[in-house]
Amino acid sequence: MEEKYKTLEIVEKIPKSGVFYLILNRPSQRNALSHDFFSEFPKALHALDDNTEVNVIVLSGAGNHFCSGIDVSILGSIGTNPSSGESLRRQIMAMQDSVTALERCRKVVIASIEGACIGGAIDIVTACDIRMCTKDAFFSVKEVDLALAADLGTLQRLPLIVGFGNAMELALTGRIFSGLEAKELGLVSRAFNSKLELHDGVRDVAQAIASKSPLAVIGTKSVLLKSRDLTVDQGLDYVATLNSARLFSNDLSEAVMAHMQKRKPLFSKL
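No experiment lies behind these values; they were computed from the predicted model shown. (Residues numbered from 1 in each chain as written. Predicted model: local features only at pLDDT ≥ 70, side-chain atom pairs only at ≥ 80, totals over all residues. Heavy atoms only, no water.)

Draft legend 1. Inspection of a nonpolar patch on the surface at higher detail. Side chains of L247, F248, L252, V256, M257 and M260 sit close together on the surface and give an oily, nonpolar patch of about 640 Å² of accessible area. Mapped onto the elements of the fold, M257 is located in helix α11 (residues 250-260). (Patch = residues over 30% accessible without salt bridge, like charges linked within 9 Å, V, L, I, M, F, W, Y side chains within 5 Å. Areas by Shrake-Rupley, 256 points an atom, 1.4 Å probe, with all protein chains shown as cover. Salt bridge = Lys/Arg side-chain N within 4 Å of Asp/Glu carboxyl O. Helix = DSSP H or I, 4+ residues; strand = E, 2+ residues; numbered from the N terminus.)

Below is the structure:
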């Protein structure tokens, strides 16, 4: 039986497309991240990763906003809780692990962003594989305004995406920037004029990826993430080892035959 979530919804909008939508589902709170979210999110990603029908995951928000960041009730409970520093450190690390579940997930995750993408939402989208938004979406690395340093991944991942100098400026000022500027910075790969164009554009990219060999897509994601922490030589060695095992897959022979026969390939499910 499919698990029910308090803060999330999983939807397959087009049957047999291989594309599943993971929706942040607290629209009345602008999809703020609650305690329940941090326990449910890695479970939902794990379930989607294990589902052989899933090739690509689209992460979006219900209502008019992607996510307004961590629910202030969490910050309030932390501020009044007399627990030890070590206990608080463990709580933060557990929340970090929930976000890092996006990178552990073998399936490609595309963030579809409209409206607010604030604070903890930046932590989430920087851990996604592809990001797209509307031009009037708005972003902020907000934690500095709450007397905090962003601690769920933004300060580690954002510099690799937009460059160290840009990340430093955004994190220290906490200023709001638009979807159009997010595109200029490289935070998102595309910025669309409207919600409809965003939804159509994300769908097209997701279906294009879902039509490819799942083995190749998963391998590509793995190599790109692993290579962040390796030298070029080490990265080349890693991909050589990975591909030496996968060159014997049925997907390779199917791709070659489909190309020769001018038809769409039929790849194996994982």
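So, next bit.
Draft legend 2. View of the sheet that holds strand β1 (residues 8-11). With respect to topology, six strands assemble into an open sheet ordered β1-β2-β3-β4-β6-β9, the strand pairing being mixed. Where the open sheet ends on each side, the last strands, each with one partner, are β1 and β9 (190-192). Sheet twist, expressed as the average angle between the axes of neighbouring strands with direction ignored, equals 20°. Across four bridges, the pairing between strand β4 (residues 108-113) and strand β6 (residues 130-134) is parallel. Residue pairing across strands places I113 opposite C133, the latter belonging to β6. (Pairing = 2+ DSSP bridges. Axes fitted to C-alpha atoms, helices over the stretch in contact; angles between N-to-C directions.)

Draft legend 3. Layout of the sheet that holds strand β7 (residues 138-140). Within the open sheet, the three strands sit side by side as β5-β7-β8. Their pairing is mixed. Among the strands making up the open sheet, the edge pair consists of β5 (116-118) and β8 (177-178). Where β7 and β8 come together, two bridges link them in antiparallel fashion. Across the sheet, residue F139 finds its bridge partner in β8, namely F177.

Nothing here speaks to function; it is geometry throughout.
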